[in-house]
Amino acid sequence: MNDAVALVFGTRPEAIKLAPVYQELKRRGTPVQVIVTAQHRGLLDQMLAVFGMTPDVDLDIMQEGQSLGEVTCRALAGLQQTLHRLRPRVVLVQGDTTTVLGGALAAFYERIPVGHVEAGLRTNDKFSPYPEEINRRLTDVLSDVYFAATRRARRNLLGEGVAPAGIYVTGNSVVDALRFVVDQNPPLPESLHWLDEMDGRLLLTTAHRRENLGVPFSRICEALRELTERYPDLTVLWPLHPNPLVTKSAHELLDGVERVVLCEPLDYLSFVPVLARADLVLTDSGGVQEEAPALGVPVLVARDTTERPEGVEAGVARLVGTETETIVLEASRLLDSPAEYRQMAETGCPYGDGQAAPRICDALEHFLGDRAERPADFDWVSGADTGGPGAA
Ligand code: UD1
Ligand code: UDP
């Protein structure tokens, strides 16, 4: 056993949300080992570059059109072998992907303690989101220390019998990552300079969830088409997730539609300024649901359930499902009513205040016995200046 903290991740959102923790551990002089499965190859590499992270071990497991079972097997086998060799003091995983489950299970097999960043998110619907709801529940069963982003996530864990001593409420590190970028004020990439010259309104879209592929996906595309027809000043920009099932359908259904722009996935330094420029977001992404309110952008969630109800309850997000008619109706309400729009845009971000990474590191030190004092929990107060760019 050495004294390093191992960060295990493999996809875009895990890299973004663990990057602030990586940077904070480095700042404190804590030894860090970065182990990536590269469940995502291109998307992961984009984010490693943005945050200056270099993997100590890269399992390079991604294959085109990979099945859930294949990713699980490759991640688990590679991670157990790696952890057996490196023997870190603790393993941190983040979120609910297959890499997260593989990392937690491999660490358990090697009898290494597991810390789960963003623990306790639940929809309580086994198939929505699929397979993430089960990945995160299993990961929480395997974990020893829990970094819950919100008080609700903490309550979910307590309800499942997790001992309170191991749960720390930290806020979500995505707001820290967002601030890291906002502080740099990065320019838009050349391919998106047209956004600077555009007078009209921008609807930013992302979608990739497995339960939305197929019919729901085509209804989302139809809604985008109808919205651009109804609002001549509206442009839709959709950076496509590289899953071939996403890119193929989106191009089939939306190529040639006026003012619908499909593009490659944007690196974080490009995505954040685009998000900040957007007037409205339509997404099935977890991370984007958290980021949009931090930038004061109303978000419509194209899903039937969300494990992030805080945004809906606070009034910064609306759960609109995937029916064309409902999406068009809800988007129109916001596009037509400046008062309703303002109310959504000005509420703030219930997910974090940009200080999650220091809290996670304090909590980890407390859990490991390196720090006597238990850190205070993050608590969002409605209307507080928590995450917006002005607050950075
Ligand atoms: C995965 C996670 C999901 C998370 C999402 C974030 C699982 C089961 N799913 O979904 O929870 O929300 O990442 O984006 O862990 N591909 C590329 N290049 C890349 C990334 C993906 O070509 O950089 C293509 C490959 O063909 C790959 C496919 O996308 O086989 C699907 O990738 P996979 O990681 O299995 O699932 P996602 O849908 O990306
Ligand atoms: N993102 C990005 N470029 C894009 C689309 C998304 O950098 O073109 C970022 C986004 O800001 C968020 C994260 O990727 O932080 C979300 O990833 P994704 O939607 O793939 O996964 P999820 O959050 O749904 O698990």
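Residues numbered from 1 in each chain as written. Chains lettered and ligands numbered in written order. Predicted model: local features only at pLDDT ≥ 70, side-chain atom pairs only at ≥ 80, totals over all residues. Heavy atoms only, no water.

This part is about the side chain of Glu 290. Following the sequence through the fold, Glu 290 ends up in helix 12 (residues 286–294). When its relative accessible area of 1% is taken as the criterion, Glu 290 is described as buried. A polar contact is formed between the side chain of Glu 290 and the side chain of Lys 17, at a distance of 2.8 Å. A polar contact is formed between the side chain of Glu 290 and the side chain of Asn 172, at a distance of 3.2 Å. (Helix = DSSP H or I, 4+ residues; strand = E, 2+ residues; numbered from the N terminus. Buried < 20%, exposed > 50% of the residue type's maximum accessible area, 1.4 Å probe, protein only. Polar contact = N/O pair within 3.5 Å; in protein donor to acceptor, adjacent residues only side chain to side chain.)

Next up on the list: the nonpolar core. Counting 62 residues, the largest nonpolar core has Leu 7, Phe 9, Val 21, Tyr 268, Val 274 and Val 281 as its most contacted members. Here the element with the most residues in this core is helix 1 (residues 12–27); it accounts for seven residues. Val 21 has contacts with Leu 7, Leu 92, Ala 357, Ile 360 and Cys 361, leaving out every residue within four places of it along the chain. Formed by 30 residues, the second largest nonpolar core is a distinct cluster that contains Cys 221, Ala 223, Leu 254 and Ala 302. (Core = buried A, V, L, I, M, F, W, Y, C linked by side-chain atoms within 4.5 Å. Contact = heavy atoms within 4.5 Å.)

Interhelical geometry of helix 1 versus helix 2 (residues 42–51) gives an angle of 20° and a closest axis separation of 9 Å. The orientation of helix 1 with respect to helix 2, classified from their angle, is roughly parallel. The two elements helix 1 and helix 2 cross, and the hand of that crossing is right-handed. Between helix 1 and helix 2, the residues in contact are Arg 12, Ala 15, Ile 16, Ala 19 and Gln 23 and Leu 43, Leu 44, Met 47 and Phe 51, respectively. When the residues that make up the contact of helix 1 with helix 2 are grouped by side-chain class, the tally is seven nonpolar, one polar and one charged. (Axes fitted to C-alpha atoms, helices over the stretch in contact; angles between N-to-C directions. Parallel < 35°, antiparallel > 145°, perpendicular 65-115°, else oblique. Left-handed = near helix turned anticlockwise from the far one by under 90°. Nonpolar A, V, L, I, M, F, W, Y, C, P; charged D, E, K, R; others polar.)

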